[in-house]
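The primary structure of each chain is shown beneath.
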Amino acid sequence: MEKKKEIIIIGSGLGGLATALRLTKEGYKVKILEKHSKPGGRLNQLKIEGFTFDVGPSFMSMSFELNELFDSYKIPNPIKLKELDPLYQVFFENREKPFKVWKTLSNLEKEFKEIEPNLAAKTERYLKRAGEFFHDTEGKVVKSNYNNLIDYLLQLASVPKKHIPYLFKTMWSEVEKNFESEEIRVIFSLVAFFLGSTPFETPAIYSLLNYTEMKHDGYWKVEGGMYKIVEEIVKILSAEGVEFHYNTEIVGVDNSNGKLYSLLDHKGKKWTADIFISNSDAASFRGKVLNRKKFSEEKLDKMDWTLAPFTIYLGVKGKIDGLMHHNYFLGNNFRGYANTIFTSSISPQKPYYYVNVSSKSFPECAPEGCENIFILCPVPDRRFKNNWDDKEELSRNIIDDLSKRINFDINKNTLVKEIYSPVEWESMFNLYKGSGLGLAHGINQVGAFRPKNKDEEFPNLYYVGASTTPGTGLPMVIISSKLVTERILKDHGRVIS
Ligand SMILES: Cc1cc2nc3c(=O)[nH]c(=O)nc-3n(C[C@H](O)[C@H](O)[C@H](O)COP(=O)(O)OP(=O)(O)OC[C@H]3O[C@@H](n4cnc5c(N)ncnc54)[C@H](O)[C@@H]3O)c2cc1C
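Owing to the predicted nature of the structure, the values given are computational and were not obtained by experimental measurement.

1. So, the domain arrangement of the protein chain
Working step 1: Looking at the assigned domains, one finds that the protein chain contains domain 1 (6–43 + 226–302 + 439–492), domain 2 (105–111 + 120–218) and domain 3 (308–432).
Working step 2: At the junction of the two partners, domain 1 supplies 11 residues and domain 2 supplies 13 residues.
Working step 3: Looking at the side of domain 1 that touches domain 2, its residues break down into 6 nonpolar, 3 polar and 2 charged.

2. Things to note about the environment of L402
Working step 1: Structurally, L402 is set in helix α15 (residues 391–406).
Working step 2: Sequence-wise, L402 and W388 are 14 residues apart; in three dimensions their C-alpha atoms are separated by 21 Å.
Working step 3: Beyond its immediate chain neighbours, meaning those up to four positions away, L402 contacts F329, V355 and I410.

3. Topic: the site of the ligand
Working step 1: Around the ligand, a shell composed of 35 residues is seen, among which G11, G13, G15, G41 and G465 lie nearest.
Working step 2: Ranked by residue count, the leading element in the shell around the ligand is helix α1 (residues 14–25), at 3 residues.
Working step 3: Classifying every residue of the shell around the ligand gives 14 nonpolar, 17 polar and 4 charged.
Working step 4: Residue contributions to the shell around the ligand reach at least three from each of two domains, namely domain 1 (6–43 + 226–302 + 439–492) and domain 3 (308–432).

4. Looking at the sheet that holds strand β9 (residues 219–222)
Working step 1: Strand order across the open sheet formed by 3 strands is β5-β9-β6, with antiparallel pairing between neighbours. Edge positions in the sheet fall to β5 (60–61) and β6 (81–83), since each has one partner strand and no second.

5. Things to note about the packing of helix α7 (residues 171–178) against helix α8 (residues 182–189)
When two helices pack together, their arrangement is given by the angle between their axes and by how far apart the axes lie.
Working step 1: Between α7 and α8, the least distance of the axes is 9 Å, while the angle of their chain directions is 140 degrees. On the basis of the axis angle, α7 is oblique to α8. The interaxial crossing formed by α7 with α8 has right-handed handedness. Residue-level contacts link M171, W172, V175 and E176 of α7 to R185, F188 and S189 of α8.
Working step 2: Its residues placed into classes, the contact of α7 with α8 shows 4 nonpolar, 1 polar and 2 charged.

Each value, and the rule that gives it
Residues numbered from 1 in each chain as written. Predicted model: local features only at pLDDT ≥ 70, side-chain atom pairs only at ≥ 80, totals over all residues. Domains from an automatic or database assignment. Contact = placed C-beta atoms within 7 Å. Nonpolar A, V, L, I, M, F, W, Y, C, P; charged D, E, K, R; others polar. Helix = DSSP H or I, 4+ residues; strand = E, 2+ residues; numbered from the N terminus. Near = placed C-beta within 6 Å. Pairing = 2+ DSSP bridges. Axes fitted to C-alpha atoms, helices over the stretch in contact; angles between N-to-C directions. Parallel < 35°, antiparallel > 145°, perpendicular 65-115°, else oblique. Left-handed = near helix turned anticlockwise from the far one by under 90°.

Written out as structure tokens, the structure reads:
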């Protein structure tokens, strides 16, 4: 019997785990080396005194990508998803009551009838164009491997020409054209921040994300919490014989005959395999571990990165009626906020933030009569604000604001509390300067312009995850795992044992 080819994956984020699942099923022997003490990367879990928190992601979108991962290998899907409608609620500073954002357009129209008449028809029209772009590019551009720039440009050229103007318009101009109220414009343009820019700079083509959230698929709750995704995949991988080594950070490599020969961990141990895949950030791994000049700190600093997370985890006594599973708290100076948030060197004075309370849907995440509150406030990355010694102060500022806006004294009822500033996010998962979603998605950093999933020098080194193709977010890194698997199978073949 032919010996199975051995693959080492550096990192156990969703990108790494999904790739491990695919390659194990293709007959490879897989080992995962992880810096952190637990699997999942940013999709992680925190347990404190009876409270369970999802550490990072809380929204599951494009659920068909998660389903594809299991379906393509005929594995019974162990993840139970429940669709959200309303999707979330939004608190504006100058309004007493929050707005619920419904996926069902007749409900959405009722919710906003005072400030945005005929909203259902307007949204239908807006999403129709966004949807056309989504379907015209999904297969050709997003789910394709490119061998070179020409290959990419040829794929782009096959996208219908009617979409070209939307590359040059901004997302804000598109929402301004379609909607009259500031509130709806702000709500529909929030997704730009996830891509690493503001709606005043992001091309209008990215309104396709509104289409995926409002029409195509929506947002989903993962029964038991987001970390179930990790637990279930790890269970399958362990049964398949995949080895996990935690607290193992790769800091260097050895090569031989033009190939990558072994990895060096922080304790000096060497790890050999036939093929290696980095789930560590595709840009900073090339710089920090491989010492590539094109990815030196100076070059990485000049790239565009998504905002850094400032997160607070609170176990609170009492049930809070004003909060839903997903909630946004926004101020009333959207343009001013957008213009300064990426590059400010001080903590936001009037923070915009998101609040997740998974105990609203899954009571087992908090002791009886309590809520688990997760607050995410996007802040500048460490290129702009390096020192986060003021984290307690920013946390107090946010909690005081939240208490006022929901009319519930959180400070008085807090049983447990944990804060992660960009410093902790960087050190836990090697996120470059604390950037939460990795490289941004301007047109100069997507497709063939994004760090490739196949190494430029070593023919047996590949990449998967948020900073390689196609991009960031849970569904995108699942697609990334499919793309890198296709590359490896093309280069090294399926293994029959
Ligand atoms: C606060 C926050 C909220 C988010 N919310 C959402 C959301 O609601 N929905 C959504 O779709 N997406 C969301 N995202 C984005 C999503 O989390 C990421 O796009 C996705 O999880 C990235 O997965 P990955 O596999 O690329 O990388 P990671 O999850 O970062 O995994 C990489 C792994 O590699 C390990 N590693 C790194 N370097 C080394 C090394 N040298 N040696 C060994 N191991 C190493 C890390 O420790 C980590 O475990 C959010 C992100 C953050 C930070």
